[in-house]
Amino acid sequence: MNFELPEEYLALKHKVKSFAEKVLKPTALQIDKEGKFPQENLRKLARLGYMGVTVPEEFGGAGMDLMSFLIICEELSPACPSTEIVMRAHNSLACYPILRHGTDKQKKKFLTPLARGEKLGAFALTEAMAGSDVAALQSTARKSGNKYILNGTKTFITSASIADTYIIFAKTDPGKKHRGIGAFIIDKNAKGLSFGKKIEVMGFCGSHTGEIFMDNVEVPQENVLGGEGAGFRIAMDTVVHGRLGMAAAALGMARESYELALDYATRREAFGQPIGKFQGVQWKLADIYVNLEAAHLLLYKAAWMSEKVERNTLASAVAKLFATEMAVNAASEAMQIFGGYGYSKEYPIELYYRALKLFEIAEGSSEIQRMIIAKEIGLPM
């Protein structure tokens with residue numbers, strides 16, 4: 001049993017961190033303040049192959065493994081959270097389901113330009129009355145000959161009005177509940193597809209969260225992903241995979257919060273001595289360090305297991321739950337150590353604090369993760 005990262009992962013970690021510090025970090029606060037979509041940053045990521053990290057080279061990707069993707073997420077997130085979340089959603093929620101469940105024709109047509117970074121992808125599952133309860137979707141997909149007619153509204157969609165290609169979920173047979181949901185690949189220029197205004201959110205202000213409206217959108221049969229009625233299975237497989245990337249991004253911001261607070265505690269003086277000498281500060285930093293170590297081990301174990309099983313539900317839920325809740329607490333405690341400076345925009349602590357709260361809600365809230373874990377360990381449901 002070896003707990004050290006292999007040399008190739010350490011080299012990647014160094015490469016991504018260096019790029020993020022030099023290229024992304026200088027404009028991160030401006031992007032957050034102005035709510036500016038990080039289009040230029042995404043172009044730079046595409047040139048590095050990071051818009052199709054785990055997609056095989058034959059379909060335009062970098063051909064890396066899951067662990068590499070998690071390292072990229074962890075190193076990009078503290079430099080510019082808005083850029084990282086768009087990159088991660090594009091990889092985990094748009095490229096991944098097509099790679100896993102698409103036909104060769106669908107991969108060549110849709111996945112290749114996504115993986116090359118020529119087009120941006122989005123995952124449209126959430127609705128106003130259907131978040132955690134996917135079976136409650138109200139969007140419909142009525143079959144008409146060799147096509148489907150989609151109607152409905154999606155909300156809280158990352159890159160909603162900016163993306164070029166959408167994975168949209170709708171009910172093909174309401175009577176079958178979760179077994180009657182389809183997944184459809186839709187181009188932005190599809191007739192009847194429109195977008196609402198950008199939703200103003202607390203964190204990730206540059207990611208352009210928004211609504212998608214479908215008014216008799218025609219989707220050809222060949223754009224159905226995974227076959228009729230496979231939507232729920234695809235959605236669950238995708239979010240289980242996506243939770244690992246979210247845990248990695250949370251770790252990145254938690255680690256940076258810790259490192260900033262540790263440095264500040266050695267320099268900031270009060271009552272004639274560095275505040276790091278006070279036990280109250282020492283305990284906060286010690287607790288954050290312990291939790292960071294535990295979260296890394298849980299995430300790396302989950303990544304290792306994901307390479308061995310088809311759907312790693314339990315380990316994914318455990319890693320996501322622990323890492324995201326730990327990260328919110330780490331940012332909060334770091335802010336407390338910084339005092340007024342932590343609450344100000346002079347340091348990125350408040351940016352992390354705002355961004356990280358989303359991680360306890362999105363892609364399965366903390367409550368949902370606990371329900372999943374309870375079921376997976378054998379408790380009656």
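See the structure above.
For the structure given in this document, a descriptive report is provided here.

The subject of this paragraph is the overall build of the protein. A tally of helices and strands in the protein yields 11 helices and 9 strands. The C-alpha atoms of the protein give a radius of gyration of 21 Å, which matches the 21 Å a tight globule of 381 residues would have. In terms of principal-axis extent, the alpha carbons of the protein reach across some 80 × 50 × 40 Å. Out of the 381 residues belonging to the protein, those deemed buried represent 54%. Counted over contacts in the protein with a minimum sequence separation of 6, partners at least 24 positions apart contribute 72%. Accessible surface computed for the protein: about 17,400 Å², of which carbon and sulfur atoms make up 54%. The distance from the centre of the 46 positive side-chain charges to the centre of the 43 negative ones in the protein is 4 Å.

On to the packing of aromatic side chains. What the rule picks out here adds up to 10 aromatic pairs. Judged by centre distance (6.4 Å) and plane angle (90°), the rings of Phe271 and Phe278 are edge-to-face. One aromatic cluster is present, formed by Tyr264, Phe338, Tyr341 and Tyr347 through successive ring pairs. In this structure, Lys188 packs its charged tip against the face of Phe195, placed 5.6 Å from the ring centre.

Residues Leu45, Leu70, Ile72, Leu76, Met87, Leu356 and Phe359 are the most contacted members of the largest nonpolar core, which totals 71 residues. Of all the secondary-structure elements, those providing two or more residues to this core are α1 (7-34), α2 (39-47), α3 (66-76), α4 (81-101), α6 (231-267), α7 (279-306), α8 (313-338) and α10 (349-356). Ranked by the residues each element gives to this core, the list is headed by α6, at 13 residues. The residues touching Leu356, leaving out its near neighbours within four places in the chain, are Ala250, Met253, Ala327, Val328 and Ala331. In this structure, Phe59, Leu111, Ile181 and Ala230 belong to the second largest nonpolar core, which totals 28 residues.

Under the criterion given, the structure shown has 22 salt bridges. Between Arg354 and Asp32 there is a salt bridge, and its shortest N-O distance comes to 2.7 Å. Highlighted residues: Arg354 in helix α10 and Asp32 in helix α1, separated in sequence by 322 residues. Comparing Arg354 with Asp32 shows no difference in burial state: the two are buried.

A grouping of Leu314, Met371, Ile377, Leu379 and Met381 is seen on the molecular surface, where their side chains present a nonpolar patch of about 520 Å² in accessible area. By the secondary structure assignment, Met381 is in the segment after α11 (366-376). Taking the relative accessible area as the measure of exposure, Met381 reaches 66% and is therefore exposed.

Let us look at the environment of Ile185. On the secondary structure map, Ile185 appears in strand β5 (residues 181-187). For Ile185, a relative accessible area of 0% gives the class buried. Residues Ile185 and Ala135, 50 residues apart in the sequence, show an inter-C-alpha distance of 19 Å.

Geometry of a packed helix pair, given as the angle between the helix axes and the separation of the axes. Where α7 meets α8, the axes come as close as 9 Å, and the angle between the chain directions of the two elements is 155°. Of the possible angle classes, the one that applies to α7 and α8 is roughly antiparallel. As for how α7 packs across α8, the hand of that crossing is left-handed. Between α7, through Val281, Lys284, Leu285, Ile288, Asn291, Leu292, Ala294, Ala295, Leu298, Leu299, Ala302 and Met305, and α8, the contact on the second element is made entirely by Ala315, Ser316, Val318, Ala319, Phe322, Ala323, Met326, Ala330, Glu333, Gln336 and Ile337. Per-class residue counts for the contact of α7 with α8 are 18 nonpolar, 3 polar and 2 charged.

For strand β2 (residues 140-144) and strand β3 (residues 147-157), the ladder comprises 5 bridges, and the chain directions are antiparallel. The residue bridging Thr140 from the neighbouring strand is Asn151, located in β3. Between the antiparallel neighbours β2 and β3 lie 2 residues, among them Gly145 with a positive phi of about 70°. Relative to strand β7 (residues 210-220), β3 runs antiparallel, the two sharing 8 bridges. In the strand pairing of β7, Thr153 is matched with Phe213.

Calculation criteria
Residues numbered from 1 in each chain as written. Predicted model: local features only at pLDDT ≥ 70, side-chain atom pairs only at ≥ 80, totals over all residues. Heavy atoms only, no water. Helix = DSSP H or I, 4+ residues; strand = E, 2+ residues; numbered from the N terminus. Rg over C-alpha atoms; globule rule 2.2 N^0.38 Å. Buried < 20%, exposed > 50% of the residue type's maximum accessible area, 1.4 Å probe, protein only. Contact = heavy atoms within 4.5 Å. Areas by Shrake-Rupley, 256 points an atom, 1.4 Å probe, with all protein chains shown as cover. Lys, Arg positive; Asp, Glu negative; His and termini not counted. Charge placed at Lys NZ, Arg CZ, Asp CG, Glu CD. Phe/Tyr/Trp six-rings, centres within 6.5 Å; stacked < 30°, edge-to-face > 60°. Lys NZ or Arg CZ within 6 Å of the ring centre and 35° of its normal. Core = buried A, V, L, I, M, F, W, Y, C linked by side-chain atoms within 4.5 Å. Salt bridge = Lys/Arg side-chain N within 4 Å of Asp/Glu carboxyl O. Patch = residues over 30% accessible without salt bridge, like charges linked within 9 Å, V, L, I, M, F, W, Y side chains within 5 Å. Axes fitted to C-alpha atoms, helices over the stretch in contact; angles between N-to-C directions. Parallel < 35°, antiparallel > 145°, perpendicular 65-115°, else oblique. Left-handed = near helix turned anticlockwise from the far one by under 90°. Nonpolar A, V, L, I, M, F, W, Y, C, P; charged D, E, K, R; others polar. Pairing = 2+ DSSP bridges.

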